[in-house]
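Understanding the architecture of this molecule
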Amino acid sequence: HCLAVRAVCQREIDCDRGNGFSWKITLLRNYWKSKVKQEWLSGKYSNIPSQFSLPEKSMYPMDVDTWGEILEAELER
């Protein structure tokens, strides 16, 4: 599971591990973020008509670098 999460959230996983978090804590801290981030990166939310069309779990607290990755992916589509 940790490697699957790291495939999407490499920077976040490496930072947590570098700060001394165990793999278990690192996974708990990043699991849902990786799911939401992967959906955004895959384009699942690219053509929504309004914010009311977003599923409840489409948002998760993310830092500016993560949103930058998502916006870069959108620009490349």
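The structure we're discussing is the one just above.
Residues numbered from 1 in each chain as written. Predicted model: local features only at pLDDT ≥ 70, side-chain atom pairs only at ≥ 80, totals over all residues. Heavy atoms only, no water.

1. Description of the overall build of the protein chain
We count it as follows: Runs of E in the DSSP output that reach at least two residues are strands. Runs of H or I that reach at least four are helices, and both are numbered from the N terminus. We call two residues in contact whenever any of their non-hydrogen atoms come within 4.5 Å of each other. All accessible areas in this document rest on Shrake-Rupley with a 1.4 Å probe, and a residue is counted as covered only by the protein chains that are shown. Charge counting follows a simple rule: Lys and Arg are positive, Asp and Glu are negative, and His as well as the terminal groups are ignored. A charge is said to be at NZ when it belongs to Lys, at CZ for Arg, at CG for Asp and at CD for Glu.
From N to C terminus, the protein chain includes four helices and zero strands. Ordered by position in the sequence, the α and β elements of the protein chain form the string α-α-α-α. For the C-alpha atoms alone, the extent of the protein chain along its principal axes is close to 40 × 25 × 20 Å. If you take every contact in the protein chain between residues at least 6 apart in sequence, the share linking residues at least 24 apart comes to 59%. Element-wise, carbon and sulfur atoms account for 57% of the exposed surface of the protein chain, whose accessible area totals about 5,400 Å². Averaging the positions of the 11 positive and the 11 negative side-chain charges in the protein chain gives two centres separated by 8 Å.

2. Quick look at the packing of aromatic side chains
Put simply, the rule reads: Pairing of aromatic side chains here covers Phe, Tyr and the six-membered ring of Trp, requires ring centres within 6.5 Å, and sorts the geometry by plane angle: under 30 degrees stacked, over 60 edge-to-face, intermediate tilted. Burial classes follow relative accessibility: with a 1.4 Å probe on protein chains only, a residue under 20% of its type's maximum area counts as buried, one over 50% as exposed, and anything between as partly exposed. For a lysine, the NZ atom is tested; for an arginine, the CZ atom; a charge sits over a ring if that atom is within 6 Å of the ring centre and within 35 degrees of the ring normal.
This model, assessed by the stated rule, comprises three aromatic pairs. Residues Trp40 and Tyr45 carry aromatic rings whose centres are separated by 4.9 Å and whose planes lie at 55° to one another, so their mutual orientation is tilted. The pair Trp40 / Tyr45 is uniform in exposure class, with both members buried. A centroid spacing of 5.4 Å and a plane angle of 80° characterise the contact between Trp40 and Trp67, whose relative ring orientation is edge-to-face. Remark: Trp67 occurs in helix α4 (residues 64–76) and Trp40 occurs in helix α3 (residues 23–41); sequence separation between them is 27 residues. Among the aromatic residues, those joined into a ring-pair cluster are Trp40, Tyr45 and Trp67. Sitting above the plane of the Phe21 ring, Arg29 keeps its charged end 4.4 Å from the centroid.

3. A look at helix α2 (residues 10–18)
What counts here: To be clear, the arc concerns the directions from the helix axis to the C-beta atoms.
Turning to α2, its buried residues number three or more, namely Glu12, Ile13 and Asp16. Looking straight down α2, one finds its buried side chains confined to an arc of 95°; they lie on one side. Where α2 is buried, its residues meet α1 (2–8), α3 and α4. The positive-phi residue at the C-terminal boundary of α2 is Gly20, with phi of around 90°.

4. With respect to α3
Test applied: Fitting axes to the seven residues that end at a residue and to the seven that start at it, the angle between those axes gives the bend at that residue.
Along its length, α3 reaches its greatest deviation from straightness, about 40°, at Asn30. Turning to α3, its buried residues number three or more, namely Thr26, Asn30, Lys33, Ser34, Val36, Lys37 and Trp40. Its buried side turned inward, α3 meets α1, α2 and α4. Once α3 ends, the next one or two residues include Gly43, with phi positive near 90°.

Function-wise, these values are silent; they only describe arrangement.
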